[in-house]
Amino acid sequence: GEVSATPEPNESEYLSPVSIGGQTLNLDFDTGSADLWVFSTSLSSSSIGQHAAFDPSKSSTWEDYPGASWQIMYGDGSGASGTVGFDVVEVGGATASRQAVEIATKVSSSFVSDVNNDGLLGLGFSKINTIEPQPQKTFFESVLPKLDQPVFTADLEDDAAGTYEFGRVDTTKYTGMLHVTPVDSSNGFWEFASTAYSIGGTTYQNSGASTAIADTGTSLLLVDDNVAQAFYAQVQGSQLSRTAGGYVYPCSAQVPDFGVQIGSSGFIATIPGSDITFAEVGQGTCFGGVQGNGGGGIQIFGDVLLKQYFAVFNGGNESFGIAAK
Ligand SMILES: O=C(Cc1ccccc1)Nn1cnc2ccccc21
């Protein structure tokens with residue numbers, strides 16, 4: 001089958017309506033993790049706040065997973081944990097009839113305050129699913145055998161709504177060719193080679209990092225520290241601010257185009273300098289959408305890059321492709 005879910009854009013995430021046991025929640029589709037977890041009625045009312053909370057007792061198809069638990073920590077220090085069950089999960093038109101659903105009994109403050117999302121739908125590989133005693137399949141892995149094509153696509157926009165589609169590649173959504181690279185899923189991510197970058201149209205080899213992941217759950221573009229340093233050396237007045245948590249510069253500064261290689265094929269995916277500013281932090285100072293990864297080794301290509309392109313995640317041959325749109 002073919003499905004589409006239109007996420008509502010929110011400054012740093014793309015939310016899509018998901019039906020679980022007949023209850024609809026807005027979930028953050030996240031290719032950088034592999035847990036499907038939801039705000040639940042087991043949380044304190046102060047944690048629930050304005051969020052939609054899933055209530056298993058109101059689902060006629062809910063099945064407990066006795067003794068199972070989960071606990072996740074994301075790279076930005078946020079996290080959640082709780083218990084597990086199975087239910088019917090429907091996205092746009094594809095249905096997983098017995099999908100592991102992780103009930104949050106604890107969530108960190110950043111999720112409580114992010115009133116737009118009622119949980120996450122992981123689209124990474126289930127080897128990093130955190131359910132104990134046995135990791136469970138992601139929604140994509142559950143529906144994959146039933147899809148016409150073993151793919152999902154992400155068409156993230158800046159302010160208008162973006163779109164995730166499962167089971168087909170809508171070729172009207174992009175122009176030119178799809179640049180496809182093999183993915184190494186051994187770390188659980190959509191990970192590929194990336195050993196070159198460009199600043200202002202000039203290409204350089206990246207001696208530091210060698211791989212990157214496509215991560216719709218991260219807002220920024222986190223590159224090797226030496227690459228970030230080289231980029232901001234070309235932004236007048238920029239500085240690495242501990243208080244801001246990264247590179248900042250005068251909002252009036254001229255920002256060069258920045259590109260990163262996708263796979264070893266040579267294709268450089270470029271972000272226009274005018275799209276690199278992520279936020280104003282006050283007093284005419286701006287926070288850059290390109291930042292260092294803190295020496296993590298893996299580069300994290302988040303929404304700042306992905307929203308410039310149409311992205312194809314292929315679970316059949318384990319590849320990642322992007323095209324201009
Ligand atoms: O965790 C990461 C990668 C990351 C971000 C920042 C610093 C280091 C590493 N992304 N991510 C993937 N899913 C997420 C969900 C919430 C927060 C971040 C999320």
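Cut-off values and rules
Residues numbered from 1 in each chain as written. Predicted model: local features only at pLDDT ≥ 70, side-chain atom pairs only at ≥ 80, totals over all residues. Heavy atoms only, no water. Pairing = 2+ DSSP bridges. Helix = DSSP H or I, 4+ residues; strand = E, 2+ residues; numbered from the N terminus. Axes fitted to C-alpha atoms, helices over the stretch in contact; angles between N-to-C directions. Contact = heavy atoms within 4.5 Å. Disulfide = S-S within 2.5 Å.

**So, the sheet that holds strand β16 (residues 211-214)**
With mixed pairing, five strands are arranged side by side in an open sheet as β13-β16-β25-β17-β24. Where the open sheet ends on each side, the last strands, each with one partner, are β13 (191-193) and β24 (290-292). Adjacent strand axes in the sheet meet at a mean angle of 30 degrees, parallel and antiparallel pairs treated alike. Of the strands in this sheet, β17 (221-223) and β24 are in contact with helix α4 (residues 225-232), which crosses β24 at around 135 degrees.

**Some remarks on the state of the cysteines**
For the structure shown, the criterion picks out one disulfide. One disulfide in the model links Cys-251 with Cys-286; its S-S distance is 2.1 Å. In this structure, the disulfide formed by Cys-251 and Cys-286 twists by about 105 degrees around the S-S bond and is classed as right-handed. Residue Cys-251 is found in the loop between β19 (246-250) and β20 (258-261), and its partner Cys-286 is found in strand β23 (residues 285-288); the two are separated by 35 residues along the sequence.

**Some thoughts on the sheet that holds β20**
Whether parallel or antiparallel, the strands of a sheet pair through hydrogen bonds between backbone atoms. Strands sit in the order β15-β14-β20-β21 across an open sheet of four strands; the sheet is antiparallel. Each of the sheet's edge strands pairs with one partner strand only, and the pair in question is β15 (202-205) and β21 (268-271). Pairs of neighbouring strands in the sheet enclose a mean axial angle of 25 degrees, with direction left out of account. Pairing geometry for β20 and β21, over four bridges, is antiparallel. Its bridge partner being in β21, Phe-258 is matched across the sheet by Ile-271. On the sheet, α4 packs against β14 (196-199) and β20 and is oriented at approximately 15 degrees with respect to β14.

None of the figures reported here should be taken as evidence of function without further support.
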